Every structure is written in structure tokens, then in C-alpha cells.
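For reference, the chains in residue letters:
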Amino acid sequence: MEHPENDPQYQGLAVNKGVQQPPVVNPYLKRRRKPMPSAAEMVEGILAGDITMLSRAVTLVESLVPEHQTIAQEVIEKCLPYSGNSRRIGITGVPGAGKSTSIDVFGLHVLKRGGRLAVLAIDPSSERSKGSILGDKTRMEKLSVHPDAFIRPSPSAGSLGGVARKTRETIILCEAAGFDNIFVETVGVGQSETAVHSMVDFFLLIQLAGTGDELQGIKRGIMEMADGIVINKADGDNIDRARLAQAQFRNALMLFPPTASGWKPEVLTYSGYFELGISEVWDMIDRYFDFVIANGYFERRRQEQARYWMFETIDEQLRHNFYRDKEIEKLLPKLENDVLTNRLSSFIAARKALDAYFNKIS
């Protein structure tokens, strides 16, 4: 289409041609993908504390590609003898309780005492797009630039209410890389707390005061899993409300049955934003570890967790193999149609699918 400036009535108008824009991508740039290191090279790098190699190994652990899983399992197996020498701490709380801010200040407090820290932050995945923002590092400003800290956000991918199943394997890799403190941050919703509780030594519940009826928080089953409860944002005009909530939670804990470890959970107040009461919270955690190591519960708990995750892995592999079976893939649509048209009940259809699967592998 002709431009209006080319019309004869604009003969005296001089129109300059536009400047041709250079390409967005450098035409001389040749992208060279680094070759995938072998399992032995990854293990060597992890044991040497190489963060890049650790990150690549974690990526393989999270991958669903069968070839990647084969390498990842070999790396985990070789790193296993070098793991187990860390303090694993789970941190949970409702969205907005200040988990990421608290981890930032807790982590700096830990690093000041020496050692290294790995933070495994579980990020909720969208049910529609299956994507995750993975932006937890932006709220851990100081910790994310610390040379002795490793922060790894992972998508939940809909696994067990928000906890990536691979988190436990990632813990093993981080311990082999020399990280003696592991923080696992939950999504804070669904069954994620139960899964994190099954892979950590200390479970910290972050609560808020002044947000409504504190009794609603007391009624939740998560209270029974907590080894320590801390009330965040105990600063300014909120101090009195935080102390009132502290008294309510303490009274509620007295009604709960004794814990398996024999430890009596404590309730403390602090402010993550103003960094108040951080050392007191960490002193409580130190007392807990001294207590459970002395009475033998620490080692017993680790053994129970290893057994639990063995059976969880068996369950997942069975489910994975069932749905990937070619004959089952053909059979399920037919059974589903029979259920929707009321020719079969849901239970009979499920039994037919399972019988077809087990008869095939028997």
C-alpha cells in the first residue's frame, strides 16, 4: 500500500528511509552446548563442592527423561555414603507468613556460626499451565549472594500436594557436596507438610498473630507435627497480639499427646523483617538436636524416614509403570466409557484394569 507522503501533493516533502535494525541475535554467535558429564565426573565434582556440577545433577534428578533418570540414580547411589551429615530442617506456614524472609535471616545466622547451607524451596506449580515462577531467590536477597549458600527452587509439579518427590534425593546430593545445614521450605498448603515432615529432623511451623481467629490455626493437624512454633512479625503494634497468640498456642500444645521423641515443642515470637529474636529461635533448635541425639531418637527417626521413602518410591514406580503400559493405555478409554455410560461401576472397572495389568506381568 502507498504511503501518504508519496502523494503528488507532498512533492516538496523529503522522506528519509528508516534505519535498518540489526538482528536481535548476534549472527556470529555459535551456541555450543556443553556435553553431558558422566556419572563419575558428576560425583567427583559434587564431592569437591562444585556448585555447577551439583546443579546439573539436581536437574537430572528432577528430569522425567529415562536416560537422565538412569544417570541421576547412579550419581545418588555413589553419593549416598557421603550423605547424612547434616541437620535437615523443614519450614512451613501459611502463604504470607514470611517463610522466605525468615529463611533469609535464619540462614545468615547459621552461616555466621560456620558451615554451609542449602535451601530447597518448593514452588507451587500451576494446575493449568504446569509452570512455576521459581522466584524464591528474589525474597532471599542476602542469602542468595552468600558464597556458602545454595538455593534451589523446584517446581512441585503436583506431587503430593506441592512437595517435589525428588527433594529427598536432592538432600543426599547437597550433603555429599558438603552442606551441613539443609532447609526445606514447603508450599504451605495441602499435604506438603506431611511429605516434608517425613524427610527432615526438625519441623518448624511459622504462624502469624492478629490475622483473625488464632484457634483456627490451633485446630489444624499440622500442630501435632511441629517440633517448634514461631510467631512472626512480633514487632511494633503487633507485639501484644503476638504474645497473646503465643500463650494460646502454648495452652493448646498442653492438650496434645506426647511426641514420639519426648520433646515438648516450644512457642517463640520473633520478627524476620527486623531480625529480632532470631538467636532465640536457633537456640531452641540446638536444644532439640541435643535432646534427640542424646535419647537415640535422631538415628531412629532417620531409619524410619529411609523405610518410608523406600515404600513411597515403590508406589510411585508401580503407578508410573501401570499408566505407561501400552495395553493399559488402550484398555482405559474403553473402561472409562463403560463407567460413564453406567455399564460398569468405577470399582469393577478399576479391578478389570488391574487384573489385566497383573495377569500380563505374572
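Residues numbered from 1 in each chain as written. Predicted model: local features only at pLDDT ≥ 70, side-chain atom pairs only at ≥ 80, totals over all residues. Heavy atoms only, no water.

Our focus in this paragraph is the packing of aromatic side chains. Evaluation of the coordinates by the stated rule reveals 14 aromatic pairs. Ring plane angle 85° and centroid distance 5.7 Å describe the contact between tyrosine 288 and phenylalanine 289, whose orientation is recorded as edge-to-face. Phenylalanine 289 gets classed as buried once you look at its relative accessible area, which sits at 2%. Summarising the aromatic geometry, the rings of tyrosine 357 and phenylalanine 358 are spaced 5.4 Å apart at their centres and angled 70° between planes, so their arrangement reads as edge-to-face. A residue is classified by how much of its surface remains accessible, and tyrosine 357, at 8% relative accessible area, is buried. What makes phenylalanine 358 partly exposed here is its relative accessible area of 43%. (Phe/Tyr/Trp six-rings, centres within 6.5 Å; stacked < 30°, edge-to-face > 60°. Buried < 20%, exposed > 50% of the residue type's maximum accessible area, 1.4 Å probe, protein only.)

What follows covers helix α2 (residues 51-62). Taking 1.5 Å per residue, twelve residues should reach 16 Å; α2 reaches 16 Å between its end C-alpha atoms and fits that length. Every buried residue belonging to α2 is among Met53, Leu54, Ala57, Val58, Leu60 and Val61, and all of these are buried. Taken down its axis, α2 places every buried residue within 155° of arc, on the same side. In this structure aspartate 50 caps α2, since a side-chain oxygen of it lies 2.9 Å from the backbone nitrogen of threonine 52. (Helix = DSSP H or I, 4+ residues; strand = E, 2+ residues; numbered from the N terminus. Expected span 1.5 Å × (residues − 1). Arc of directions from axis to C-beta. Polar contact = N/O pair within 3.5 Å; in protein donor to acceptor, adjacent residues only side chain to side chain.)

With 16 residues, helix α13 (residues 346-361) extends 23 Å from end C-alpha to end C-alpha; this agrees with the ideal 22 Å at 1.5 Å per step. Among the residues of α13, Ala349, Ala353 and Tyr357 are the ones counted as buried. Taken around the axis of α13, the buried residues stretch over an arc of 70°, which confines them to a single face. Turned more than 90 degrees away from the buried face of α13 sit Phe347 and Asn359, all of them exposed. Each element contacted by the buried residues of α13 is listed here: α11 (297-324) and α12 (326-340). (Contact = heavy atoms within 4.5 Å.)

How two helices pack is summed up by the angle between their axes together with the distance between the axes. Packing of helix α1 (residues 39-47) against helix α3 (residues 66-79) leaves a shortest axis separation of 9 Å and a crossing angle of 45°. On the basis of their axis angle, the class for α1 and α3 is oblique. Considering the relative orientation of α1 and α3, their crossing is right-handed. Between α1 and α3, the contacting residues are Ala39, Met42, Val43 and Ile46 on the first element and Ile71, Glu74, Val75, Lys78 and Cys79 on the second. (Axes fitted to C-alpha atoms, helices over the stretch in contact; angles between N-to-C directions. Parallel < 35°, antiparallel > 145°, perpendicular 65-115°, else oblique. Left-handed = near helix turned anticlockwise from the far one by under 90°.)

Our focus in this paragraph is the pattern of salt bridges. Tallying each qualifying case throughout the model produces eleven salt bridges. A salt bridge links glutamate 74 to lysine 78, with the shortest nitrogen-to-oxygen separation between them at 3.1 Å. One end of the pair, glutamate 74, and the other, lysine 78, are both in helix α3, four residues apart, so they sit about a helical turn from each other. Its relative accessible area of 34% is what places glutamate 74 among the partly exposed residues. According to the relative accessible area criterion, lysine 78 is partly exposed, its value standing at 37%. In this structure, arginine 287 engages glutamate 266 in a salt bridge whose closest nitrogen and oxygen atoms are separated by 2.6 Å. Taken together, the residues span a long stretch of sequence, with arginine 287 in helix α10 (residues 278-294) and glutamate 266 in strand β7 (residues 266-269) at a distance of 21 residues. (Salt bridge = Lys/Arg side-chain N within 4 Å of Asp/Glu carboxyl O.)

Interpretation in functional terms is not warranted from these geometric data alone.
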